[in-house]
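Analysis of the macromolecular model
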Amino acid sequence: MTVIRGTEARRSETANGVMTTFASPTQGGASRSLWRVDARPGAEGPAHDFDAEQVWTWLTGSATVELGGETYQVTAGDTVVMPARTVRRVLADPDEGYAAVVTAPAGARALAADGDGDYGVPPWSA
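Below is a summary of the structure that appears in this document. Note that the structure is predicted; figures quoted are calculated from it, not measured.

**A few points about the packing of aromatic side chains**
Throughout the structure, instances matching the rule amount to 3 aromatic pairs. Within the aromatic cluster, the residues linked to one another by ring pairs are Trp56, Trp58 and Tyr98.

Right, here's the structure in full:
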């Protein structure tokens, strides 16, 4: 068993928010990655894909999730299962943003929405 202290959580910042890694292959040797997303108000994530399923649970705030050609409004307490090979985009509420916890298999790779590119394993899930 590995204990990862809160003070050891790894933070990755992007233009849209902060990802805090709780566990991953390089943080605790986990076979799944678990991280928190704190999205700034009005943040618009890019359209992209993944080669593995992700599960998102919203803790605070709200967002619009574009997933596989459908649009969903989500708020605190909602969970979205995002299948592999399904283009997705998450847009934060313009006034409050959101916080969500996300999990995916170790090594899950981000892909271009048009299927013409591999962005690799994001640093918050590596």
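After that view, the rundown keeps rolling.
**Observations regarding the pattern of salt bridges**
Enumeration according to the criterion identifies 5 salt bridges in this entry. The residue aspartate 38 makes a salt bridge to arginine 36 at a minimum N-O spacing of 2.9 Å. According to the relative accessible area criterion, aspartate 38 is partly exposed, its value standing at 26%. Residues arginine 109 and aspartate 118 are paired through a salt bridge, measuring 2.8 Å at the closest nitrogen-oxygen approach. Residues participating in the shared-partner salt-bridge network are Glu44, Glu66 and Arg89.

**Considerations on unusual backbone geometry**
Working note: non-glycine residues mostly have negative phi, and peptide bonds are mostly trans. Unlike most non-glycine residues, arginine 85 shows phi in positive territory, near 55°. If you trace the backbone, arginine 85 turns up in the loop between strand S7 (79–82) and strand S8 (88–92).

**Description of the side chain of glutamine 27**
Residue placement: glutamine 27 occurs in the loop between strand S2 (17–23) and strand S3 (32–39). Overall, the relative accessible area of 8% leaves glutamine 27 in the buried class. Among the polar contacts listed, one links the side chain of glutamine 27 to the backbone oxygen of glutamate 8, at a separation of 3.3 Å. Beyond its immediate stretch of four places on either side in the chain, glutamine 27 contacts Ile4, Glu8, Ala9, Arg10, Thr21 and Phe22.

Here is what the cut-offs are and how they apply
Residues numbered from 1 in each chain as written. Predicted model: local features only at pLDDT ≥ 70, side-chain atom pairs only at ≥ 80, totals over all residues. Heavy atoms only, no water. Phe/Tyr/Trp six-rings, centres within 6.5 Å; stacked < 30°, edge-to-face > 60°. Salt bridge = Lys/Arg side-chain N within 4 Å of Asp/Glu carboxyl O. Buried < 20%, exposed > 50% of the residue type's maximum accessible area, 1.4 Å probe, protein only. Helix = DSSP H or I, 4+ residues; strand = E, 2+ residues; numbered from the N terminus. Polar contact = N/O pair within 3.5 Å; in protein donor to acceptor, adjacent residues only side chain to side chain. Contact = heavy atoms within 4.5 Å.

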